[in-house]
Number of protein chains: 2
Amino acid sequence: MVRVEKIEYKPVGARELLIEMKDLSELMIDLAYSATLFNSPELAQEVIEMESHIDTLTYLLSMNVMVAARDGDDAESLVGVTKVARATDKISDAAADMATIVLQGIGIHPVIREAFEKVEERLTRVEVKPESILTEKQLGELGLAAKMGVDVIAIRRNKRWIIDPEENETLQKGDVLIVRGAPQGVEEIEGVAKGTIQKLED
Amino acid sequence: MVRVEKIEYKPVGARELLIEMKDLSELMIDLAYSATLFNSPELAQEVIEMESHIDTLTYLLSMNVMVAARDGDDAESLVGVTKVARATDKISDAAADMATIVLQGIGIHPVIREAFEKVEERLTRVEVKPESILTEKQLGELGLAAKMGVDVIAIRRNKRWIIDPEENETLQKGDVLIVRGAPQGVEEIEGVAKGTIQKLED
């Protein structure tokens with residue numbers, strides 16, 4: 001992979017970096033299987049972007065660990081951190097491999113679909129359009145779980161992912177939402193995010 | 001790795017194999033992070049065994065796909081299956097890498113523990129002893145979720161894993177249970193499986 005963006009050192013807590021890497025890698029596995037199942041290039045594309053983001057986090061973590069290690073004892077006790085990070089990176093690479101199958105348009109054999117069909121819930125990716133009633137609303141006041149049976153499991157805002165967003169998170173236009181739910185609810189939320197549905201039914 | 005066991009071809013549906021590989025790989029990620037967090041060689045060992053089992057499933061799948069492909073069209077539409085399987089295999093390798101950190105006794109730096117401390121639920125591995133009241137009981141009649149707030153997420157019986165066991169699954173002596181729950185419930189189930197606790201409180 002050609003990397004055009006130089007990753008600059010900045011001091012970030014290893015703790016924060018590891019939490020983000022763990023959450024992202026778990027989400028990626030979920031998205032990657034779903035992308036394969038539903039033959040969804042949109043979900044696959046999110047996985048690829050997350051993979052590149054995890055690469056960045058891995059570099060940042062390595063640099064911060066180096067700066068933190070003052071002597072041999074530090075180094076010994078920090079080497080475990082880099083190993084966990086490397087394993088997380090490998091998990092995310094594997095998820096990206098799976099997503100690539102979809103993006104390369106390799107036909108997914110019926111056998112694969114069947115294997116995943118017992119998954120009753122669907123996963124989708126929707127972008128919040130300016131004209132959507134979701135814009136500038138808090139997740140809690142929207143009550144999507146009660147009204148449509150869907151759950152926003154992640155939000156991508158520019159280059160940042162918010163995993164398991166809180167009730168008081170305010171949605172903004174341009175947000176990309178990863179939503180899980182029953183097939184009907186998933187269809188509804190797609191209309192709501194696009195703005196073609198302008199009212200939430202109770 | 002030295003492989004002493006020869007894997008013999010047997011006809012198995014690719015569908016069944018893929019379902020098992022997907023479920024196992026997801027469970028492995030969960031177990032691997034937990035093993036790291038709680039510095040648990042027991043959980044780590046389960047991950048290592050699952051990895052070796054997934055290797056076997058990958059071989060079996062490859063052989064079955066070869067036998068299934070009669071011509072070029074078949075091969076084209078089956079190549080996606082082997083790619084998904086390879087990605088699953090890579091995920092399981094990464095989980096094993098993480099487990100190895102624990103088994104090698106590399107000190108886990110406080111930074112890693114903190115990163116996972118927000119996980120309030122614990123994961124544990126218990127073996128059902130002959131004298132345990134769990135022996136020969138169905139999961140449904142035990143009502144562990146209601147009584148102790150714990151959930152049996154997987155059972156290993158000899159070389160077979162049962163993921164997300166049904167209510168009517170009967171526990172047997174020697175079963176290894178992977179249990180998730182609040183710290184207190186996890187401690188209780190450890191006593192119950194060992195046989196030191198002989199009664200379930202309502």
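All figures in this text were calculated on a predicted structure; none of them were measured in a lab. Residue indices begin from 1 for each chain and proceed along its sequence in written order. To read the labels, note that chains go from A and ligands from 1, taken in the order they are written. It should be noted that, the model being predicted, local features are given only for residues of pLDDT at least 70 and side-chain atom pairs only at 80 or more, the latter also being counted only at that level, while totals for whole chains, interfaces and linings use all residues. Excluding hydrogens and water, the side-chain values take into account all heavy atoms of the structure.

### Quick notes on the sheet that holds strand 2 (residues 150–157) of chain B
All names here are of chain B.
Here is step 1 of the chain: Taken in spatial order, the four strands line up as 1-4-2-3 in an open sheet, and their pairing is antiparallel. Since the sheet does not close on itself, it has two edges, and those belong to strand 1 (122–127) and strand 3 (160–163), each with one partner. Across the sheet, the mean angle from the axis of one strand to that of its neighbour is 20°, orientation sign disregarded.
Here is step 2 of the chain: Here a strand pair is declared whenever DSSP counts at least two bridges between the two strands. Strands are runs of DSSP state E lasting at least two residues, helices are runs of H or I lasting at least four, and both sets are numbered from the N terminus onward. Here strand 2 runs beside strand 4 (residues 176–181); their pairing, made up of six bridges, is antiparallel. Its bridge partner lying in strand 4, Ile155 is registered against Leu177.
Here is step 3 of the chain: On top of the sheet, helix 7 (residues 183–194) reaches strand 1, strand 2 and strand 4; it is set at about 5° to strand 1, its chief contact. An axis is simply a line fitted to the C-alpha atoms; with a helix, the fit covers only the stretch in contact. Between two such axes, the angle follows the N-to-C directions and lies from 0 to 180 degrees. In what follows, residue pairs with any heavy atoms lying within 4.5 Å of each other are defined as contacts.

### Notes on helix 1 (residues 14–37) of chain A
Residues and elements named next belong to chain A.
Here is step 1 of the chain: Take the number of residues in a helix, subtract one, and multiply by 1.5 Å to get its expected span. Relative to the 34 Å expected for 24 residues at 1.5 Å per residue, helix 1 spans 35 Å between its end C-alpha atoms, a close match to the ideal helical length.
Here is step 2 of the chain: Taken across its 24 residues, helix 1 has 19 buried, putting it largely inside the fold.
Here is step 3 of the chain: Directly after helix 1, the chain includes Asn39, whose backbone phi takes a positive value near 50°. Exposure classes here rest on a 1.4 Å probe applied to the protein chains alone. A residue is buried below 20% of its type maximum, exposed above 50%, and partly exposed in between.

### Comments concerning a nonpolar patch on the surface
Residues and elements named next belong to chain A.
Here is step 1 of the chain: Residues qualify for a patch when their relative accessible area is over 30% and they have no salt bridge, like charges being joined within 9 Å and the nonpolar side chains of Val, Leu, Ile, Met, Phe, Trp and Tyr within 5 Å. Note on areas: Shrake-Rupley with a 1.4 Å probe; residue coverage comes only from the protein chains shown. Any Lys or Arg side-chain nitrogen located within 4 Å of an Asp or Glu carboxyl oxygen qualifies as a salt bridge. Residues Tyr9, Met66 and Val67 make up a contiguous nonpolar surface patch of about 310 Å² in total accessible area.
Here is step 2 of the chain: You can see Met66 is positioned in helix 2 (residues 41–68).
Here is step 3 of the chain: The exposure class of Met66 is exposed, given its relative accessible area of 62%.

### A short note on the pairing of strand 2 of chain B
Sheet faces and side chains relate simply in a regular strand, where the side chains alternate between the two faces.
Residue and element names in this part refer to chain B.
Here is step 1 of the chain: Counting buried residues along strand 2, seven of its eight residues qualify, which places the element largely inside the surrounding structure.
Here is step 2 of the chain: Bridge count for strand 2 against strand 3 is four bridges, and the pairing is antiparallel. Counted as the bridge partner of Ile155 is Ile162 from strand 3.
Here is step 3 of the chain: Count of turn residues in the strand 2/strand 3 antiparallel hairpin: two residues, of which Asn158 carries a positive phi of about 55°.

### Concerning the pattern of salt bridges
Residue and element names in this part refer to chain A.
Here is step 1 of the chain: The full count for this structure, using the stated rule, is 16 salt bridges over all chains.
Here is step 2 of the chain: A salt bridge links Glu46 to Arg156; the nearest nitrogen and oxygen atoms lie 2.8 Å apart. Of this pair, Glu46 sits in helix 2 while Arg156 sits in strand 2 (residues 150–157), placing them 110 residues apart in sequence. Each of the two residues, Glu46 as well as Arg156, counts as buried.
Here is step 3 of the chain: Between Glu49 and Arg156 there is a salt bridge, with the nearest N and O atoms lying 3.9 Å from each other.

### Some points on the packing of helix 2 (residues 41–68) of chain B against helix 3 (residues 72–103) of chain B
Residues and elements named next belong to chain B.
Here is step 1 of the chain: The interhelical angle for the contact between helix 2 and helix 3, taken along N-to-C directions, is 165°, at an axis separation of 9 Å. Regarding the angle of helix 2 to helix 3, the classification is roughly antiparallel. Judged by the sense of rotation from one axis to the other, the crossing of helix 2 with helix 3 is left-handed.
Here is step 2 of the chain: Three classes are used: nonpolar for Ala, Val, Leu, Ile, Met, Phe, Trp, Tyr, Cys and Pro, charged for Asp, Glu, Lys and Arg, and polar for all others, with Gly counted as polar. Among the residues making up the contact of helix 2 with helix 3, the classes are represented as 16 nonpolar, five polar and five charged. The cut-offs work like this: below 35 degrees is roughly parallel, past 145 is roughly antiparallel, 65 to 115 is roughly perpendicular, and the gaps in between are oblique. Here a crossing is called left-handed whenever its near helix is offset anticlockwise from the far helix by less than a right angle, and right-handed whenever the offset is clockwise.

### Here we look at the nonpolar core
Here is step 1 of the chain: Residues belong to one nonpolar core when they are buried, are Ala, Val, Leu, Ile, Met, Phe, Trp, Tyr or Cys, and are joined through side-chain atoms within 4.5 Å. Of all hydrophobic cores here, the largest spans 80 residues; its most connected members are Leu31, Leu61 and Met98 of chain A together with Leu31, Leu61 and Met98 of chain B.
Here is step 2 of the chain: Mapped by element, the contributors of at least two residues to this core are helix 1, helix 2, helix 3 (72–103) and strand 2 of chain A together with helix 1 (14–37), helix 2, helix 3 and strand 2 of chain B.
Here is step 3 of the chain: Ignoring any residue separated from it by four or fewer positions in sequence, one finds Met98 of chain A in contact with Ala32, Tyr33 and Thr36 of chain A together with Val84, Ala87, Thr88 and Ile91 of chain B.

### Observations regarding the side chain of Ser34 of chain A
All names here are of chain A.
Here is step 1 of the chain: Of note, Ser34 is situated in helix 1.
Here is step 2 of the chain: Its relative accessible area of 10% is what places Ser34 among the buried residues.
Here is step 3 of the chain: Every residue in contact with Ser34, bar those within four places of it in the chain, is listed here: Asn39, Leu43 and Leu123.

### Section: the confidence of the model for chain A
Here is step 1 of the chain: pLDDT: the predictor's confidence for each residue, scored from 0 to 100. A residue-level look at chain A finds 90% of positions with pLDDT of 70 or above and a mean pLDDT of 86.
Here is step 2 of the chain: Across the assembled chains, the prediction reports ipTM 0.78 with pTM 0.80.

### Here we look at the environment of Glu49 of chain A
Residue and element names in this part refer to chain A.
Here is step 1 of the chain: By the element assignment, Glu49 lies in helix 2.
Here is step 2 of the chain: For Glu49, a relative accessible area of 28% translates into the label partly exposed.
Here is step 3 of the chain: Along the sequence, Glu49 and Gln172 sit 123 residues apart, while their C-alpha atoms lie 20 Å from each other.
Here is step 4 of the chain: Discounting residues that sit within four places of it in the chain, Glu49 has contacts with Arg156 and Trp161.

### Remarks on the domain arrangement of chain A
Residues and elements named next belong to chain A.
Here is step 1 of the chain: By convention here, the domain bounds are inherited from an automatic or database domain assignment. Domains assigned within chain A are domain 1 (14–111) and domain 2 (120–194).
Here is step 2 of the chain: Placing the centre of domain 1 and that of domain 2 at their C-alpha centroids yields a distance of 23 Å.
Here is step 3 of the chain: Across the boundary between the two partners, domain 1 contributes 13 residues, which contact 14 residues of domain 2.
Here is step 4 of the chain: When domain 1 packs against domain 2, the two sides together hide about 1200 Å² of surface, and 68% of this comes from carbon and sulfur. A quick way to say it: buried area is the sum, across both parts, of accessible area lost when two parts are put together, with a 1.4 Å probe.

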